[in-house]
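One-letter residues, chain by chain:
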Amino acid sequence: MALLEAHLERARQAAKERPDAGYSTETVVMVAILVTIAIAVGAILMSKLIAKANSLDLG
């Protein structure tokens, strides 16, 4: 247990020394969210476009 507490304390100290350490993680999460939204919007638009194209009477 003492070993775990010592490791956690070293990790806390390292995090205090590098205040920007979480920036890359936040950026990755935000980019992943934006990509997910873009894919969802693209899928919705594509299904509407295909539905509209299929409803055209060419005959």
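Please refer to the structure higher up on the page.
Now for a look at the structure at hand. Keep in mind that this is a model prediction, so the values were computed, not measured.

### A closer look at a nonpolar patch on the surface
Reasoning step 1: Judged by side-chain polarity, Val29, Met30, Ile33, Leu34, Ile37, Val41 and Leu45 come together as a nonpolar surface patch covering roughly 650 Å² of accessible area.
Reasoning step 2: Within the secondary structure layout, valine 29 lies in helix 2 (residues 23-55).
Reasoning step 3: Judged by its relative accessible area of 44%, valine 29 falls in the partly exposed class.

### Observations regarding the environment of arginine 12
Reasoning step 1: Along the polypeptide, arginine 12 turns up in helix 1 (residues 2-17).
Reasoning step 2: Put simply, arginine 12 and lysine 52 are 40 residues apart on the chain and 57 Å apart in space, counted from C-alpha to C-alpha.
Reasoning step 3: At 3.0 Å, the side chain of arginine 12 forms a polar contact with the side chain of glutamate 9.

Rules of the game
Residues numbered from 1 in each chain as written. Predicted model: local features only at pLDDT ≥ 70, side-chain atom pairs only at ≥ 80, totals over all residues. Heavy atoms only, no water. Patch = residues over 30% accessible without salt bridge, like charges linked within 9 Å, V, L, I, M, F, W, Y side chains within 5 Å. Areas by Shrake-Rupley, 256 points an atom, 1.4 Å probe, with all protein chains shown as cover. Salt bridge = Lys/Arg side-chain N within 4 Å of Asp/Glu carboxyl O. Helix = DSSP H or I, 4+ residues; strand = E, 2+ residues; numbered from the N terminus. Buried < 20%, exposed > 50% of the residue type's maximum accessible area, 1.4 Å probe, protein only. Polar contact = N/O pair within 3.5 Å; in protein donor to acceptor, adjacent residues only side chain to side chain.

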